[in-house]
Structures are given as structure tokens and as C-alpha cells.
Amino acid sequence: MNFGESPRIIVVGIGNLIHADDGLGVHALECLRRDPRLPEGVTLIDGGTFGLELLAYICDSTHLLLLDAIDVGEPPGSLIRMEIEALRGLPGAASVHQVGLADLLATLPLVSSTSREIVLLGVQPLSTHWATELSPHVKTSLAPLVDAAIAQLLDWVAKIRTQSLLCANVQG
């Protein structure tokens, strides 16, 4: 985050609710929306299957948390945490949204000069076939995923507060 830049934390749940485990990100976002631990000022966006259309909503973020089902060859239900460097190295076929997500992350610096921290929290899917329910493996991982998201958000909020205090001391 650059000096003088107002922090903006955005969480995007990505997924298709009619493709079983692929809807994980949207389900997780709805759990976050109801969670009393969610810090104030965090913007939650149901990104569904929007892809590049999300640029308009996230271009001014300073902290971007993405929630999605991601196929990296782990056992179904495994929690996955990736930062931007690791996300850039993923193959395009890793999930139904991987190509859209990769395009989104590659295009973001072209439309916004805001420096940002980007983290993807996800779960290894079992099935992305036609279905409206999460598989049992992934459903069991939903609460730990939400806990991980809350922990990430609280960490960012604490860092922002510390940075703000340091800036106030330097200016004052």
C-alpha cells in the first residue's frame, strides 16, 4: 500500500452454484456475510462467474481475498492458500474458473496502479459436475475455510492499524 492510499479490503467469492464444488467460493462468501467476526469496512462481492467483469469492482482494492474451489491435485476437501506469486504459476486448467482468474490477475495491474496484497483461499474440489450441493468432502471444509478467511482479514486489519499509527506518529 502506498503512503496516503486509503486501505480497501475486498473479498470475492468465485464460483458457479450449479456445478457442485465449484460453487464453494460463493457459499463461503455467504457464510462470511453472516459471521459476527467479520471486520468492519470489508467489502464482500459475489463474483460468481464474472471473470474480467470483476475488474471494475476490485481495481481500487489494497487487499484482495479470493475464495474459490481450486484443483491443484490435492485430496478433495484440502484447504489451499496461495499468494499472488503462486497464483501466477498455475496451469490454466486447474479449475473451471482458473482461466478467468488468471486473466483477471494478469489484467489487474494494467488497469490499476494501486499496490495490493492478493491471497486466494480455496478448497480442492471433488466434483464440478451439474449439481447444486457441495460434495461431503468440500462441505466439511467450508467452516475451516471461513475461519482461514477471518484470520486473513483480521491480520490485514491489524497491519493496516499498525501502519496507520506509524504514519500518524511520523506526521505528528
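Not measured: the values here are computed from a predicted model.

1. Some thoughts on the overall build of the chain
Of regular secondary structure, the chain possesses five helices and five strands. Out of the 172 residues in the chain, the part that is buried amounts to 46%. For the chain, the share of sequence-separated contacts (at least 6 apart) that also reach a separation of at least 24 residues comes to 81%. Accessible surface computed for the chain: about 8,700 Å², of which carbon and sulfur atoms make up 58%.

2. As for the nonpolar core
Judged by nonpolar contacts, the single largest core of 25 residues is most densely connected at Val11, Leu24, Leu32, Leu65 and Leu67. Counting residues per element, the ones that place at least two in this core are strand S1 (9-14), helix H1 (24-34), strand S3 (63-69), strand S5 (117-123) and helix H5 (136-171). Ranked by the residues each element gives to this core, the list is headed by H5, at ten residues.

3. Re the sheet that holds S1
The mixed open sheet is built from five strands, whose spatial order is S2-S1-S3-S5-S4. Each end of this open sheet is capped by a strand with a single partner; those strands are strand S2 (43-48) and strand S4 (79-83). Going across the sheet, the axis of each strand differs from the next one's by a mean of 20 degrees, ignoring polarity.

4. What to know about the environment of His19
Counting through the fold element by element, His19 comes out in the loop between S1 and H1. On the basis of relative accessible area, His19 is assigned to the buried category, the value being 18%. When the C-alpha positions of His19 and Glu133 are compared, they lie 8.3 Å apart, and in sequence the two are 114 residues distant. Ignoring sequence-local partners within four residues, the contact set of His19 consists of Ser127, Thr128, His129, Trp130 and Ala131.

5. Points about the pattern of salt bridges
Pairing is possible between side chains that carry opposite charge, provided their charged atoms lie close to one another. Scanning the entire structure with this criterion turns up seven salt bridges. Of the charged contacts, one joins Asp60 and Arg8 as a salt bridge, the two residues approaching to 2.3 Å between their closest N and O atoms. Of this pair, Asp60 sits in the loop between helix H2 (55-58) and S3 while Arg8 sits in the segment before S1, placing them 52 residues apart in sequence. Assessed through its relative accessible area of 27%, Arg8 is described here as partly exposed. Glu133 is paired through a salt bridge with Lys139; the nearest N and O atoms lie 3.9 Å apart. Through salt bridges with shared partners, a single network forms among Asp35, Arg37 and Asp147.

Analysis parameters
- Residues numbered from 1 in each chain as written.
- Predicted model: local features only at pLDDT ≥ 70, side-chain atom pairs only at ≥ 80, totals over all residues.
- Heavy atoms only, no water.
- Helix = DSSP H or I, 4+ residues; strand = E, 2+ residues; numbered from the N terminus.
- Buried < 20%, exposed > 50% of the residue type's maximum accessible area, 1.4 Å probe, protein only.
- Contact = heavy atoms within 4.5 Å.
- Areas by Shrake-Rupley, 256 points an atom, 1.4 Å probe, with all protein chains shown as cover.
- Core = buried A, V, L, I, M, F, W, Y, C linked by side-chain atoms within 4.5 Å.
- Pairing = 2+ DSSP bridges.
- Axes fitted to C-alpha atoms, helices over the stretch in contact; angles between N-to-C directions.
- Salt bridge = Lys/Arg side-chain N within 4 Å of Asp/Glu carboxyl O.

All quantities given are derived from atomic positions and should not be read as evidence of function.
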